[in-house]
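# Secondary and tertiary structure notes
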Amino acid sequence: MADPAPQGYAARQRLIHWAMAVLILPMVVAGFVMIQQGLPRGLQNGLFIFHKNVGVLLLLLAVLRIALRLTAPRPGPAQGLAPWQRQAARASHGLLYALILIMPLSGYIRVRAGGFPIEALDRLGLPSVVPRSDALATAAKAVHEFGAYALAAVLCLHIAAALYHALVLRDGVWSRIWPPVPKG
Ligand code: HEM
Ligand code: HEM
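Note that the structure is a prediction, hence the values are computed from the model and not measured.

### Examining the pattern of salt bridges
As enumerated under the stated definition, the model contains three salt bridges in all. The residue D134 makes a salt bridge to R132 at a minimum N-O spacing of 2.9 Å. For the pair D134 and R132, a shared accessibility class is recorded, and that class is exposed.

Laid out in structure tokens, this is it:
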């Protein structure tokens, strides 16, 4: 017989969820701030360098996380949810998985096809894996921008739902994934 689904997320699933959360939230803020007109030059450069390099790190984490999602067992749907809530959770988690891959990929393509540096990769001597192309850069920029708004919207819903479970329903959904390192 197959093993029953675990009650909560395993330590490495929690760790990678929270490590990515603490990186992605400032990435979204930095992304929207750095494209504003009239920012001091030093601040804008610093934000771009942070955004591009942490973004590439997030691409690696996303690949690792999706591999973990496809191979490791995880808890089934939370108990006591209405069918629409289960569907909303499934759909929003699916979108988040798609976006954690689409965002760094489109960012990488936008920057490399545009002929711009990614400082950490350049320092390591890693060349671009996409050709220099203005058309490709423009397409990737559009995907990145659309994805940015989609990610911001789904994340607002995700965080609001998590807080509702944690503070109002107190139904155990929050403790499936918090703390990042489970006790005992
Ligand atoms: C303050 C920020 C965040 C909070 C409070 C939060 C909270 C939670 C909670 C409580 C769960 C468990 C849901 C369940 O057991 O059904 C969860 C799962 C999940 N979170 Fe977050 N989260 C946050 C940030 C993020 C970010 C930035 C992402 C990615 C962009 C993300 C992606 C996911 C995904 C994909 C799952 C489902 C995991 C799976 O079942 O495979 N979360 N989150
Ligand atoms: C999870 C990873 C990422 C997130 C959440 C993210 C988020 C964002 C957001 C919210 C914006 C502002 C909206 C807009 O696109 O105009 C933005 C812009 C931008 N991002 Fe990202 N990004 C990520 C990864 C990357 C990576 C890996 C790169 C490049 C290596 C990158 C390069 C850029 C650039 C160049 C812009 C300015 C848009 C432009 O004028 O082309 N991003 N990003």
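Next comes the rest of the write-up.
### Quick look at the layout of surface pockets
In this structure, the largest pocket encloses a volume near 1600 Å³. Y9, A89, S92, H93 and H158 are the residues nearest the centre of the largest pocket, which is lined by 47 residues in total. For the lining of the largest pocket, the secondary structure elements donating two or more residues are helix 1 (11-34), helix 2 (41-71), helix 3 (83-113) and helix 5 (134-169). The element that contributes the greatest number of residues to the lining of the largest pocket is helix 3, accounting for 14 residues. In the lining of the largest pocket, the residues fall into 32 nonpolar, nine polar and six charged. A volume near 910 Å³ is recorded for the second largest pocket. Around the second largest pocket, the lining is made up of 32 residues, and of these M34, H51, G107, R110 and H144 lie nearest the centre. Here the lining of the second largest pocket gets eight residues from one element, more than from any other, and that element is helix 3.

Rules and cut-offs
Residues numbered from 1 in each chain as written. Chains lettered and ligands numbered in written order. Predicted model: local features only at pLDDT ≥ 70, side-chain atom pairs only at ≥ 80, totals over all residues. Heavy atoms only, no water. Salt bridge = Lys/Arg side-chain N within 4 Å of Asp/Glu carboxyl O. Buried < 20%, exposed > 50% of the residue type's maximum accessible area, 1.4 Å probe, protein only. 1 Å grid on protein atoms, 1.4 Å probe; cavity = no way out; pocket = protein on both sides within 12 Å on 5 of 7 lines; lining within 4 Å. Points joined across faces, edges and corners; volume = space filled by probe spheres on them. Helix = DSSP H or I, 4+ residues; strand = E, 2+ residues; numbered from the N terminus. Nonpolar A, V, L, I, M, F, W, Y, C, P; charged D, E, K, R; others polar.

Structural measurements only, silent on function.
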